[in-house]
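# Structural characterization, general
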Amino acid sequence: MGRRGQSGNGGGGDVGVLLDTAVRGVVTAPEEGLDLALDTGASLLAASAGLWPAVSRAALGHADTAVGRCWSAGWRPADLVRVVRRDLKPVHLALAVDLIAAEGRRHPAAVLDRRWQEQLRELEAEVWWPSDEAYLSGFAQRHRLDRFALATVLLELLRSWGRLPPIAPVGPAPGRAAHSSRAEQRQRGPVAGEPRMLSRIRALLAKAESTDFPEEAEALTAKAQQLMAQHSIDEALLAVEGADPHAPGALRIGVDNPYEGPKTMLLDAVAAANRCRVVWAKEFGFCTVIGFDADLDGVELLYTSLLVQATHAMQQAGARQHLDGASRTKAFRQSFLVAYAARIRERLTEATERTTSDAAAGRHLREDGTAEQLVPDERLLPALKARTEAVDHEVGRMFPKLVSQRVRVSDGEGWAAGRAAADRASLRGRSGEIRG
């Protein structure tokens, strides 16, 4: 890992003040004065090759504070990267990942929750530079930038992060104490960090992904769905016994253009079928999903799977249409995805109700996927109702001012094709996105 330099002499303190002044000027600059603020700040930072190592050290120190402030305001690693990906360029994204990795040196892995650690792994956030004084030179060499260009990129990134407002947190910030739920505790278990039930679900979905036979994929996916539902039911009953008294949690899932409205509808359909709620932050390109931990993982897994299938089905259906213009194509796709989400909602709701009815009658799925008949448990339905109410209460606490939003349908062919595609969807887990 890179070592931190000491402030010492040699102008380090002056460089720190210079950097703070440059960042403040850029963050507070109005849009019409931004170019001037960027040019002025970057020119000052890049003026001397001899001071560049001190600028590098000061930049990482300033970024530690800026990133830490974002953590305190409710943001998480994937959120900060998503903001950069939406608004800036790939070079800003690479710098953002490095700054997140640098700030991460302050926090041992033990104080980070499971999803935080997963986000860092997915970002591949790691300290690759030998010392903080050498960081900017190394980054410039990697991305073929001169000092002025890199200073500009740094200031643009810090402006983006520095203007973010506080948002509702979906977990503890690093270094803040939090009670671990039973599900979180099991994530530290021996089977690749996952409960056995979830490991089996993933294994079934992996087999469904790899088979070339649709009927086999359908059977494997159906079994995985049953296990997901049973896992949620088991967790609800354990909560009745007092084994897991914790409140609902939350996670954020990116939902970007194009067709962000229908994508959000699809996520909401998956979440509702799993007793979760969705709140869309359109301006930031993500949705917050609120629910119990046993349900949140399934929502994320199933949503990304359906998004891939919707993409493929939409492209196939669109290729069969004789459309006469780009606006008609866009209307078709919009209507297709709205109808797809609506039909998926119906299918998932039916599946959830059927699994719940079986469980209430005492029909139980073991972790190995086989069924057993137990004595019906009268506590189940009240327990599930209590969890739904707890999720609703948590939504009200996190988001006291919510508004609903409609998504328009303007193409009848797209609507019909979308419903037909949803009927064919196998509901299996894999990642992907819809592109225009």
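What counts and how
Residues numbered from 1 in each chain as written. Predicted model: local features only at pLDDT ≥ 70, side-chain atom pairs only at ≥ 80, totals over all residues. Heavy atoms only, no water. Helix = DSSP H or I, 4+ residues; strand = E, 2+ residues; numbered from the N terminus. Expected span 1.5 Å × (residues − 1). Buried < 20%, exposed > 50% of the residue type's maximum accessible area, 1.4 Å probe, protein only. Contact = heavy atoms within 4.5 Å. Pairing = 2+ DSSP bridges. Axes fitted to C-alpha atoms, helices over the stretch in contact; angles between N-to-C directions.

Moving on: helix 5 (residues 90-103). End to end, helix 5 covers 20 Å across 14 residues, agreeing with the expected 20 Å (1.5 Å per residue, within 8%). The buried fraction of helix 5 amounts to eleven of the 14 residues, a majority that puts the element mostly inside the structure. For helix 5, the complete set of buried residues consists of Val91, His92, Leu95, Ala96, Val97, Asp98, Leu99, Ile100, Ala101, Ala102 and Glu103. For helix 5, the secondary structure elements touched by its buried residues are helix 3 (52-72), helix 4 (77-87), helix 6 (114-123), helix 7 (135-143) and helix 8 (147-162).

Here we take up the side chain of Glu394. Counting through the fold element by element, Glu394 comes out in helix 15 (residues 380-398). Setting aside residues up to four positions removed in sequence, Glu394 forms contacts with Pro248 and Ile290.

If you trace the three strands from one edge of the open sheet to the other, you get 1-3-2, paired in antiparallel fashion. Across the chains shown, the open sheet's two edge strands, defined by having one partner strand only, are strand 1 (249-254) and strand 2 (277-281). For this sheet the average axis-to-axis angle between neighbouring strands, irrespective of direction, equals 25 degrees. Direction of pairing for strand 2 relative to strand 3 (residues 286-291): antiparallel, over a ladder of five bridges. Bridge pairing in strand 3 links Trp280 to Cys287. Where helix 15 meets the sheet, it contacts strand 1, strand 2 and strand 3, and its direction lies at approximately 135 degrees from that of strand 3.

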